[in-house]
Protein chains: 2
Amino acid sequence: MYATFNAVVTALRDKVGSPYDTIPTEMAYYGEGGMEGWSSLCGTLNGSSLAINLCSDKATTSALVNELIGWYTQTALPSDTANQFAAQSEYLDNKMTKKLASSVSDSTLCHVSVTKCCLASGYASGSPERAERCARLAGDVASKAVELLTASANGTFKAVYGPLAEASCTSCHTIGKDYKAGNFTRGKGDCTECHGDNPHAGS
Amino acid sequence: MYATFNAVVTALRDKVGSPYDTIPTEMAYYGEGGMEGWSSLCGTLNGSSLAINLCSDKATTSALVNELIGWYTQTALPSDTANQFAAQSEYLDNKMTKKLASSVSDSTLCHVSVTKCCLASGYASGSPERAERCARLAGDVASKAVELLTASANGTFKAVYGPLAEASCTSCHTIGKDYKAGNFTRGKGDCTECHGDNPHAGS
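Rules used throughout
Residues numbered from 1 in each chain as written. Chains lettered and ligands numbered in written order. Predicted model: local features only at pLDDT ≥ 70, side-chain atom pairs only at ≥ 80, totals over all residues. Heavy atoms only, no water. Helix = DSSP H or I, 4+ residues; strand = E, 2+ residues; numbered from the N terminus. Contact = heavy atoms within 4.5 Å. Buried area = accessible area lost by both parts, 1.4 Å probe. Salt bridge = Lys/Arg side-chain N within 4 Å of Asp/Glu carboxyl O. Polar contact = N/O pair within 3.5 Å; in protein donor to acceptor, adjacent residues only side chain to side chain. Axes fitted to C-alpha atoms, helices over the stretch in contact; angles between N-to-C directions. Parallel < 35°, antiparallel > 145°, perpendicular 65-115°, else oblique. Left-handed = near helix turned anticlockwise from the far one by under 90°. Nonpolar A, V, L, I, M, F, W, Y, C, P; charged D, E, K, R; others polar. Core = buried A, V, L, I, M, F, W, Y, C linked by side-chain atoms within 4.5 Å. Buried < 20%, exposed > 50% of the residue type's maximum accessible area, 1.4 Å probe, protein only. Phe/Tyr/Trp six-rings, centres within 6.5 Å; stacked < 30°, edge-to-face > 60°. Lys NZ or Arg CZ within 6 Å of the ring centre and 35° of its normal.

A. Structural context of the side chain of Ser125(A). Within the element layout of this structure, Ser125(A) appears in the loop between α6 (110-121) and α7 (128-154). Once residues within four sequence positions are removed from consideration, Ser125(A) is found in contact with Val114(A), Cys118(A), Arg130(A), Thr174(B), Ile175(B), Gly176(B), Asn183(B), Phe184(B) and Thr185(B).

B. How the structure looks around the interface of chain B and chain A. On the chain A side, the residues contacting the 67 residues of chain B number 67 residues. Note on chain B versus chain A: buried area summed over both sides is about 5200 Å², and carbon and sulfur give 62% of it. Summed over the three residues of chain B that lose the most area to chain A, namely Met27(B), Trp38(B) and Arg186(B), the buried surface amounts to 18% of that side. The interface formed by chain B and chain A holds two salt bridges in total. Between Arg186(B) and Glu32(A) there is a salt bridge; the shortest N-O distance is 3.9 Å. Taken together, the connections running from chain B to chain A amount to 37 residue pairs in polar contact (both at pLDDT 80 or more).

C. Representation of the packing of helix α1 (residues 2-15) of chain B against helix α7 (residues 128-154) of chain B within the structure. All names here are of chain B. The contact between α1 and α7 brings their axes to 9 Å, and the two run at 40°. The orientation of α1 relative to α7 falls into the category oblique. Here the hand of the crossing between α1 and α7 comes out right-handed. Contacts between α1 and α7 pair Ala3, Thr4, Ala7 and Val8 from the former with Ala138, Val141, Ala142, Val146 and Leu149 from the latter. Here the contact of α1 with α7 is built from residues that sort into eight nonpolar, one polar and no charged.

D. Representation of the nonpolar core in the model. Core analysis: the largest hydrophobic core is formed by 66 residues, its most contacted members being Phe5(A) and Phe5(B). Put simply, the parts of the chain that give this core at least two residues each are α1 (2-15), α3 (43-54), α4 (58-74) and α7 of chain A together with α1, α3 (43-54), α4 (58-74) and α7 of chain B. Apart from residues no more than four positions distant in its own chain, Phe5(B) is found in contact with Met27(A), Ile23(B), Thr25(B), Met27(B), Ala28(B), Gly47(B), Ser48(B), Leu50(B), Ala51(B) and Leu54(B).

E. Layout of the packing of aromatic side chains. The final tally for this structure, using the stated rule, is six aromatic pairs over all chains. Consider the rings of Tyr179(B) and Phe184(B), whose centres lie 5.5 Å apart with planes at 55°: the pair is tilted. On the basis of relative accessibility, which here comes to 23%, the residue Tyr179(B) falls in the partly exposed class. Since its relative accessible area comes to 22%, Phe184(B) is described here as partly exposed. The ring of Tyr29(B) is capped by Lys58(A), whose NZ or CZ atom sits 4.5 Å from the centre of that ring.

F. Structural detail: the pattern of salt bridges. Scanning the model with the defined rule gives 14 salt bridges over all chains in all. Lys116(B) is the partner of Asp106(B) in a salt bridge, and the nearest nitrogen-oxygen pair spans 3.9 Å. Taken together, the positions of Asp106(B) in the loop between α5 (80-87) and α6 (110-121) and Lys116(B) in helix α6 put the pair ten residues apart, joining distant regions of the chain. One salt bridge connects Lys144(B) with Glu147(B), and the closest N-O pair in it is separated by 3.1 Å. With Lys144(B) and Glu147(B) both in helix α7 and three residues apart, the pair spans about one turn of that helix. According to the relative accessible area criterion, Lys144(B) is buried, its value standing at 13%. Given the relative accessible area of 46%, Glu147(B) is considered partly exposed. Residues joined in a network through salt bridges with shared partners are Asp106(A), Lys116(A) and Glu193(A).

Put into structure tokens, the structure is as follows:
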């Protein structure tokens, strides 16, 4: 979380100055490892969204964060660009030059993202390569946040990514007023990620 | 997210003043509904943790946020106190006086928390009662965050709650360096919430 929040706010501080020079970016430490290692919300999304919100009104924040999450969950990360940066030692703290396997998370969660990274790469979750993969991913997500903010400022932003939730599920299981029809939940995430391919089996 | 972040920071602003009067609490709008309705991390946890981090060093933040999450996931919410506040019209904006059913989420996620609330109460996810339940829960979580901060400041903080993850799972499936032993994931959440009671069946 700190990595992406600090990246965007530091750039704003350097380019714009006040009021961004009053924001202590260390306030985003808590989101590391999906909330202090609970592996909940990926910290790269939490930090980038906080930065987007810091310099956007409510409606713009909603649109850009929605887009960022949609992109994040449906894109193979780390990107080729991130791997190329590392190969060419272009990061400020370039710890590793080798190419790392990319994977699509289909989820907002650190837990799912890390597992899919490990399964795609064969690296253990406590390996330096997995940590480096998350660092490259943080660069990707911060970069995407800045791209979205820039497009919004230029009036060229258009939403591309939608929710992951299957329409066949959300036609009943969505936020709504009819409990008996299945309106007893909410969300935009991939339903089958946790509920399996046939969640009604046995019911 | 805004509800809990604003509650704690406003209190700090009123009691302490600078530097808390420089923090625009509207920066926490994005966490509503588990990240703009994605139903990921519960916004009450995100906002309270951001507030804890804002006025704590890194080690203290880690300890208090861990405790807040452990408590949140294992406590029936909204609390009796929250229901009593509503019954006595003690909230600044007291929208509803009736008692609302409490439920234990066993999860950090908005999606799971809202579903368990609906199943426990019979109210639909888009009902005014479900919205009111989340508002009362925000009061509970902000209050707990302040309780933890106060205990920490007084030197009386002791961790009570641990992770939810089953030891029988995390003896293999944890953050670590041995991929073949099962170290291809991370997290402290309840494993069986998504993986079922017998996740090795068929493997």
